[in-house]
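Listed here are the chains, written in short residue letters.
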Amino acid sequence: MKTWKKNVVAAGVLVTVCAGIYLNWLYTEDMQPVSIEDTLNSSQVLDDSMLVMSQDGEQSAAAENLSNNTASDYFAAIRLSRQEARDSAVSLLQEAMAYDTASDSSSAQELESIVEDALSEAQIESLVIAKGYADCVAYMSDDGISVAVAAPEEGLQQTDVAVITDIVLSQSDYSIDNIRIVEVS
């Protein structure tokens, strides 16, 4: 009797998904594809004139702007990657907790650890940015903590490393041997 009910539920879900796909196709069939120029302003779309070096061998202002965006894109990509990995781990742990009948589950402890790490990383990033650095991403693991910092024009100096290390030591339980600071240019 239970297998019959499971099959009916699975068939219902399958029909619902297929109906949703069909309706999506039906309503988007006559829509024109969106041009990239429609979604981005003209300064964000590169053309051939922006990719050519000037006669003196210096980069144009658009190329310099592109290199500045590359560093910010790096930080955005790292944050997105970290968040996706964390979300995946949280969903797996929540599923494990749903099927686990023991009251003192290791899944709950792991979930709490992930949340604590996320809060610590956010605090470290906020404090580093508050100290005047353009951007920062911190990543905690069992081995240590890695802090990627947007390099100032003159690069990271020993005083910069000391300031960032002090922030990490005050916001985490890691020793100085477990801290890695990476300069992103």
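Description of the structure in this document. (Residues numbered from 1 in each chain as written. Predicted model: local features only at pLDDT ≥ 70, side-chain atom pairs only at ≥ 80, totals over all residues. Heavy atoms only, no water.)

To continue, consider the overall build of the protein chain. The secondary structure content of the protein chain amounts to 5 helices and 3 strands. Taken over 185 residues, the protein chain has a buried fraction of 21%. Of the contacts formed within the protein chain by residues at least 6 apart in sequence, a portion of 50% connects residues at least 24 apart. With an accessible surface of roughly 13600 Å², the protein chain has 55% of that area assigned to carbon and sulfur atoms. (Helix = DSSP H or I, 4+ residues; strand = E, 2+ residues; numbered from the N terminus. Buried < 20%, exposed > 50% of the residue type's maximum accessible area, 1.4 Å probe, protein only. Contact = heavy atoms within 4.5 Å. Areas by Shrake-Rupley, 256 points an atom, 1.4 Å probe, with all protein chains shown as cover.)

Let's shift gears to the layout of surface pockets. In this structure, the largest pocket spans a volume of roughly 350 Å³. Together, 15 residues line the largest pocket, and Arg86, Ile114, Asp117, Tyr139 and Met140 are the ones closest to its centre. Sorting the residues of the lining of the largest pocket by element identifies α3 (61–99), α4 (106–130) and β1 (136–140) as the ones contributing at least two each. Within the lining of the largest pocket, the residues separate by chemical class into 7 nonpolar, 2 polar and 6 charged. (1 Å grid on protein atoms, 1.4 Å probe; cavity = no way out; pocket = protein on both sides within 12 Å on 5 of 7 lines; lining within 4 Å. Points joined across faces, edges and corners; volume = space filled by probe spheres on them. Nonpolar A, V, L, I, M, F, W, Y, C, P; charged D, E, K, R; others polar.)

Moving on, we come to the sheet that holds β1. An order of β1-β2-β3 is seen for the 3 strands of this open sheet, with the pairing classed as mixed. The open sheet has two edge strands with one neighbour each: β1 and β3 (179–184). Looking at each pair of strands side by side, their axes are set apart by 15 degrees on average, direction ignored. Set on the sheet, α4 makes contact with β1 and β2 (145–150); between it and β1 the angle comes to about 150 degrees. Against the sheet, helix α5 (residues 158–171) touches β2 and β3, its axis set at about 135 degrees to β3. (Pairing = 2+ DSSP bridges. Axes fitted to C-alpha atoms, helices over the stretch in contact; angles between N-to-C directions.)

This part is about a nonpolar patch on the surface. Taken together, the side chains of Tyr22, Leu23, Trp25, Leu26 and Tyr27 make up a nonpolar region of the molecular surface, amounting to roughly 560 Å² of accessible area. Within the secondary structure, tyrosine 27 is located in helix α1 (residues 2–28). (Patch = residues over 30% accessible without salt bridge, like charges linked within 9 Å, V, L, I, M, F, W, Y side chains within 5 Å. Salt bridge = Lys/Arg side-chain N within 4 Å of Asp/Glu carboxyl O.)

The biggest cluster of nonpolar side chains holds 15 residues, and the ones touching the most others in it are Ile124, Val128, Ile145, Val147, Val149, Ile164 and Val168. Elements with a minimum of two residues in this core: α4, β1, β2 and α5. Among residues more than four places away in sequence, those in contact with isoleucine 164 are Val128, Tyr133, Val147, Val149, Leu156 and Ile181. (Core = buried A, V, L, I, M, F, W, Y, C linked by side-chain atoms within 4.5 Å.)

Attention now goes to the packing of α4 against α5. In a packed pair of helices, the relevant descriptors are the angle between the two axes and the axis-to-axis distance. In the contact formed by α4 and α5, the axes pass within 10 Å of each other and the chain directions differ by 150 degrees. The angle between α4 and α5 places the two elements in the roughly antiparallel class. Both α4 and α5 take part in a crossing whose hand is right-handed. Between α4 and α5, the residues in contact are Ser120, Gln123, Ile124, Leu127 and Val128 and Ile164, Ile167, Val168 and Gln171, respectively. Residues of the contact of α4 with α5, tallied by class, amount to 6 nonpolar, 3 polar and no charged. (Parallel < 35°, antiparallel > 145°, perpendicular 65-115°, else oblique. Left-handed = near helix turned anticlockwise from the far one by under 90°.)

Let us look at the pairing of β2. Across the 6 residues of β2, 5 count as buried, placing the element largely inside the fold. What sits between β1 and β2 in their antiparallel hairpin is a turn of 4 residues. Across 6 bridges, β2 lies against β3 in parallel orientation. Counterpart to valine 147 in the pairing with β3 is isoleucine 181. Note on the crossover from β2 through α5 to β3: the handedness is right-handed. (Right-handed = clockwise from strand over helix to strand, strands pointing away.)

With that settled, the discussion passes to the side chain of glutamate 121. Relative to the helices and strands, glutamate 121 resides in helix α4. For glutamate 121, a relative accessible area of 0% corresponds to the buried category. Leave out the neighbours within four places in its chain, and glutamate 121 touches Arg82, Arg86, Ala138, Tyr139 and Met140.

Right, let's get into α4. With 25 residues, α4 ought to run about 36 Å at 1.5 Å a step, and its terminal C-alpha atoms sit 36 Å apart, in line with that. Along α4, the residues that are buried comprise Ser107, Leu111, Ile114, Ser120, Glu121, Ile124, Glu125 and Val128. Phi turns positive one or two residues past the end of α4, at glycine 132, with a value near 110 degrees. (Expected span 1.5 Å × (residues − 1).)

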